[in-house]
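# Per-entry structural report
Each chain, letter by letter, is given below.
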Amino acid sequence: MTALQPARGTRDLIGEDFRRHHKVAETARRISALYGFEEWATPIFEDTRVFSRGLGDTSDVVSKEMYTFTDRGGESVTLRPEATAGLCRALVSNGLTQSNLPRKVFYTGPMFRYERPQKGRYRQFHQIDIEVMGAAEPLSDAEVIACGWHILQELGVAAATVLEINTLGDTPSRDAYRAALIAYFSAHRDALSHDSRVRLEKNPLRILDSKDETDRAIVAGAPTIAAHLTPEAAEFYGSVRRHLDRFGVPFRENPRIVRGLDYYSHTAFEFVTDQLGAQGTVMGGGRYNGLVEEMGGPPTPCVGWAAGVERLAMLLPEAPPAPRPVAVIPVGEAAEAPALDLLQALRRAGVTAEIGYRGNLKRRMERANRIGARAAVILGDEEIAAGVAQLRDLDAGTQEKVPLAEVPGRLA
RNA sequence: GCGGCCAUAGCUCAGUCGGUAGAGCGCCAGGUUGUGGUCCUGGAUGUCACGGGUUCGAGUCCCGUUGGUCGCCCCA
């Protein structure tokens, strides 16, 4: 096909697709506001260092998935692959690290990763995101998760997902656990898949969520982090779980949950589903305590999550309905002016109303039907002479004369 | 970055053994010069994704490209 198409991994959101996306973002905006989150917007592209520092040089996102350009001034800039690093940069850039902490931020917008597209995965995709910046208390972890759960419930997708949580511990816990894992997997090195042997060098934690069957058998016998947690890290995790119970958020502990990006510690969680093929994670996040420092700010503990809007939009049990307007239909030239007056009166009364730009009565009725109008208001010479309009219910097919002044009230 | 499958009308898809393109839905017009959604009648629409090859002849077979899709890697 020679016609222009959207670039690979991008797509247009039109009609039902747009309404699905909009419902996800709007619901997240509304519910997160109930928890005290304020919405921010930050640039779509940033200095490349915001991401290379923030996400860790070894992560795939940084090493091979970023849209990075040199601009005309010779600066290296990158289309953001996620929101968190930019939000932490904004906290520092705007001098917000000194007071008023924690800041609770809601975010939604497009993100960019150069990946092979597949179901629920695009090169330009959208996330909703909340972050609590500047709180070290486990209550903030639990509140962030409770807010996510609340949003999923409101969207009607909660029943299709399961919350899995784990702890990655603090730095001493993680280092000790990492060493134990390396020792264990090294002993089984020859039985591991090729991918996992690479992981053993790069990021041993990643072997824990391998999909390879042989790996899984080995993983089943692998040490868990529980035995390596410092007392402080263990107490932190216990407190998060107690708060989740109090908030009434059901969860399943999964010691094999890890996070893809390097900045996480302590709480890690994912809402997963079996309805999206290989892209099972619908919302994922955790605690990250070093990122603000990476951006040049003071040590600032944070916790948050991101969720894929495309994935949530696909899970919505039903498409949000299109709005149903009222069609105002003048018959004959003399009716046009009063029809426009009535049209605006309807809109001022909060009624979605449309007028066709051309066509006779039949044509306009056809169009009213096609745009899903719930009612037609027909105004011709006879009606104007009598000071009324024909108000036709397009679902029932019934029609009656209504005094002009009463029409907006009848349709509100 | 790697592998499987797929690409025919606006949409969903048929197209036999290689013989010059079809259906349903939708769209347009009429049946009805003041009434839609139902019904009836008629009509339009394709570089068969793109490029090359085999052949007298390719939607059909072969190669490549692009795109889609599913999986791997990774991730929301």
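Model, not experiment: these values are computed from the prediction.

Analysis parameters
Residues numbered from 1 in each chain as written. Chains lettered and ligands numbered in written order. Predicted model: local features only at pLDDT ≥ 70, side-chain atom pairs only at ≥ 80, totals over all residues. Heavy atoms only, no water. Pairing = 2+ DSSP bridges. Helix = DSSP H or I, 4+ residues; strand = E, 2+ residues; numbered from the N terminus. Axes fitted to C-alpha atoms, helices over the stretch in contact; angles between N-to-C directions. Contact = heavy atoms within 4.5 Å. Phe/Tyr/Trp six-rings, centres within 6.5 Å; stacked < 30°, edge-to-face > 60°. Buried < 20%, exposed > 50% of the residue type's maximum accessible area, 1.4 Å probe, protein only. Lys NZ or Arg CZ within 6 Å of the ring centre and 35° of its normal. Core = buried A, V, L, I, M, F, W, Y, C linked by side-chain atoms within 4.5 Å. Polar contact = N/O pair within 3.5 Å; in protein donor to acceptor, adjacent residues only side chain to side chain. pLDDT = per-residue confidence, 0-100. Salt bridge = Lys/Arg side-chain N within 4 Å of Asp/Glu carboxyl O.

This part is about the sheet that holds strand 4 (residues 76-79). Spatially, 2-4-3 is the arrangement adopted by the three strands of the open sheet, whose pairing is antiparallel. The two strands at the open ends of the sheet, each matched to only one other strand, are strand 2 (45-47) and strand 3 (67-70). If you compare each strand with its neighbour and ignore which way they point, the axes differ by 30 degrees on average. Where strand 2 lies against strand 4, three bridges are found, and the strand directions are antiparallel. Its bridge partner being in strand 4, E46 is matched across the sheet by T78. Each of strand 2, strand 3 and strand 4 touches helix 2 (residues 48-55); the most contacted strand, strand 2, lies at about 75 degrees to it.

On to the side chain of T27, then. Along the polypeptide, T27 turns up in helix 1 (residues 16-34). When sequence neighbours within four positions are dropped, the list of residues in contact with T27 reads I151, E154 and L155.

This part is about the packing of aromatic side chains. Tallied over the entire structure, the rule returns four aromatic pairs. Ring geometry for W149 against F271: centres 6.5 Å apart, planes inclined by 10 degrees, an arrangement best described as stacked. Placement of the pair is W149 in helix 5 (residues 138-155) and F271 in strand 9 (residues 265-272), with a sequence separation of 122 residues. When the centroid spacing of 6.2 Å and the interplanar angle of 80 degrees are considered together, the rings of Y264 and Y288 count as edge-to-face. Remark: Y288 occurs in strand 10 (residues 281-288) and Y264 occurs in the loop between strand 8 (252-253) and strand 9; sequence separation between them is 24 residues. What makes Y264 buried here is its relative accessible area of 8%. A cation over a ring is seen here: R123 above Y114, with NZ or CZ 3.9 Å from the ring centre.

Let us now look at the nonpolar core. If you look at the biggest cluster of nonpolar residues, it comprises 41 residues, and the most contacted ones within it are I128, F271, W305 and L312. Aside from chain neighbours lying at most four places away, what touches I128 is V24, A25, A28, F106, Y107, T108, W305, A306, A307, V309 and L312. With 28 residues, the next largest nonpolar core counts A85, Y122, Y264 and M295 among its residues.

Okay, the pairing of strand 11 (residues 302-308) next. Regular strands place their side chains on alternate faces of the sheet. When you tally the buried positions in strand 11, you get seven out of seven residues, the bulk of the element. Side chains C302, G304, A306 and G308 of strand 11 all project onto a buried face; the interleaved residues V303, W305 and A307 project onto the opposite face, where all are buried too. As paired elements, strand 6 (residues 124-133) and strand 11 share seven bridges and run antiparallel to each other. Its bridge partner lying in strand 11, I130 is registered against W305. Pairing of strand 10 with strand 11, which is carried by six bridges, proceeds in the antiparallel orientation. When the sheet's bridge partners are listed, Y288 is paired in strand 11 with C302.

Our next topic: the environment of R197. Mapped onto the fold, R197 is located in helix 7 (residues 194-202). On a C-alpha basis, the gap between R197 and A307 in space is 30 Å, while along the polypeptide they are 110 residues apart. When near neighbours in sequence (up to four residues on either side) are disregarded, R197 contacts R189, D190 and L192. A polar contact is formed between the side chain of R197 and the backbone oxygen of L192, at a distance of 2.8 Å.

We now examine the confidence of the model for chain A. When pLDDT is averaged along chain A, the result is 90; 97% of the residues meet or exceed 70. Here the predicted complex scores 0.91 on pTM and 0.85 on ipTM.

Time to look at the pattern of salt bridges. If charged atoms from side chains of opposite charge come close, those side chains can pair. Summed over the entire model, instances satisfying the criterion amount to 18 salt bridges. In this structure, the salt-bridge partner of E38 is R103, at a minimum N-O distance of 3.1 Å. Taken together, the positions of E38 in strand 1 (residues 38-39) and R103 in strand 5 (residues 103-112) put the pair 65 residues apart, joining distant regions of the chain. The class for R103 is buried, based on a relative accessible area of 16%.

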